[in-house]
Amino acid sequence: MAGSPDLTQRPGPRAPGELFWAFSWLALQGFGGVMAVVQRELVERRGWMSTDEFVEDWAVAQLMPGPNVCNLALMYGDRRFGWRGALAALAGLLAFPLLLLLTLGALYGRFSQHAAMAGALRGMGAVAAGLIAGTALKLAGSLRRHPMGLVPALLLAAAAFGGVALARLPLVLIVLVLGGIAYGLTWRSLWRAEAR
């Protein structure tokens, strides 16, 4: 998991316009949880990122303020085409979903009292949870190659899940405490590897 990727060795968008349409397409697929769609589009379908690159960038995107996928779009777009790429990726991510949201919001205001609407929304929530869980399982394989090792990584992941889902601790506390521990363990492992 070393430094920034060599962009000349990996396929990618040829122009900011291609980046705009790629992020537009993945944004329109991301109902309730876009991480699964982003991972499938950028890593599996297009091959613009490796799994390790995606995991690293997603981790940074989660630590930055704002929506994770917007942070990832800005980072990836900037890496490819500078500020023009960052704006193209972010615009692609937001333009069509904003129009769709405004349209659906107007329709929801009109039909919100219907039982079918409530049932449809509950069903979408279940599908989104399944997509996120499936993606988490796919990405877990990259933990084997993490410098701190598989067991500490799994223990930290379990502690994060327990802290958020079971103990209902504030997310800021989880990120600061467990993120700090993960940083320290990773730094120690990398330092030991260099010392050998």
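In case you missed it, the structure is sitting above this.
Residues numbered from 1 in each chain as written. Predicted model: local features only at pLDDT ≥ 70, side-chain atom pairs only at ≥ 80, totals over all residues. Heavy atoms only, no water.

### As for the overall build of the protein
Okay, step 1: Per the secondary structure count, the protein includes seven helices and zero strands.
Okay, step 2: Each helix and strand of the protein, ordered N terminal to C terminal, gives the series α-α-α-α-α-α-α.
Okay, step 3: Considered along the principal axes of its C-alpha atoms, the protein spans approximately 65 × 45 × 25 Å.
Okay, step 4: Put simply, the protein has 196 residues, and 31% of those count as buried.
Okay, step 5: For the protein, the proportion of contacts with a sequence separation of at least 24, taken over those separated by at least 6, is 60%.
Okay, step 6: Distance between charge centroids for the protein: 8 Å, based on 17 positive and 10 negative side chains. (Helix = DSSP H or I, 4+ residues; strand = E, 2+ residues; numbered from the N terminus. Buried < 20%, exposed > 50% of the residue type's maximum accessible area, 1.4 Å probe, protein only. Contact = heavy atoms within 4.5 Å. Lys, Arg positive; Asp, Glu negative; His and termini not counted. Charge placed at Lys NZ, Arg CZ, Asp CG, Glu CD.)

### Description of the environment of valine 37
Okay, step 1: Looking at the element boundaries, valine 37 is found in helix H2 (residues 35-45).
Okay, step 2: Between the C-alpha atom of valine 37 and that of proline 16, which follows or precedes it by 21 residues, the distance is 20 Å.
Okay, step 3: With residues near it in sequence (within four places) discarded, valine 37 still touches Leu26, Gln29 and Gly30.

### Examining the environment of arginine 45
Okay, step 1: The topology assignment puts arginine 45 in helix H2.
Okay, step 2: The exposed category is assigned to arginine 45, whose relative accessible area is 53%.
Okay, step 3: Apart from residues no more than four positions distant in its own chain, arginine 45 is found in contact with Trp25 and Arg40.
Okay, step 4: A distance of 2.9 Å separates a polar atom in the side chain of arginine 45 from a polar atom in the side chain of glutamate 41. (Polar contact = N/O pair within 3.5 Å; in protein donor to acceptor, adjacent residues only side chain to side chain.)

### So, the pattern of salt bridges
Okay, step 1: Scanning the model with the defined rule gives five salt bridges in all.
Okay, step 2: Two residues, glutamate 18 and arginine 14, come together in a salt bridge whose shortest N-O distance is 3.8 Å.
Okay, step 3: Using a relative accessible area of 24% as the deciding quantity, one classes glutamate 18 as partly exposed.
Okay, step 4: Taking the relative accessible area as the measure of exposure, arginine 14 reaches 71% and is therefore exposed.
Okay, step 5: The partner of arginine 79 in a salt bridge is aspartate 57, and the shortest N-O contact between them spans 2.8 Å. Here the residue arginine 79 occupies a position in helix H4 (residues 68-111), and aspartate 57 occupies one in helix H3 (residues 51-63), the gap between them amounting to 22 residues.
Okay, step 6: Residue classification places arginine 79 among the partly exposed residues on the basis of a relative accessible area of 28%.
Okay, step 7: Here the salt bridges share partners, and the residues they tie into one network are Glu41, Arg45 and Arg46. (Salt bridge = Lys/Arg side-chain N within 4 Å of Asp/Glu carboxyl O.)

### A few points about the nonpolar core
Okay, step 1: With 26 residues, the main nonpolar core has Phe23, Leu26, Val38, Leu42, Phe54, Leu72 and Leu93 as its most contacted residues.
Okay, step 2: Elements supplying a minimum of two residues to this core: helix H1 (16-29), H2, H3 and H4.
Okay, step 3: The dominant element in this core, judged by the number of residues it contributes, is H4, at nine residues.
Okay, step 4: Excluding residues that lie within four positions of it along the chain, phenylalanine 54 makes contacts with Met35, Val38, Gln39, Val43, Met49, Leu72 and Leu139.
Okay, step 5: One finds Met148, Leu156, Ile174 and Ala182 within the second-largest nonpolar core, a separate group that totals six residues. (Core = buried A, V, L, I, M, F, W, Y, C linked by side-chain atoms within 4.5 Å.)

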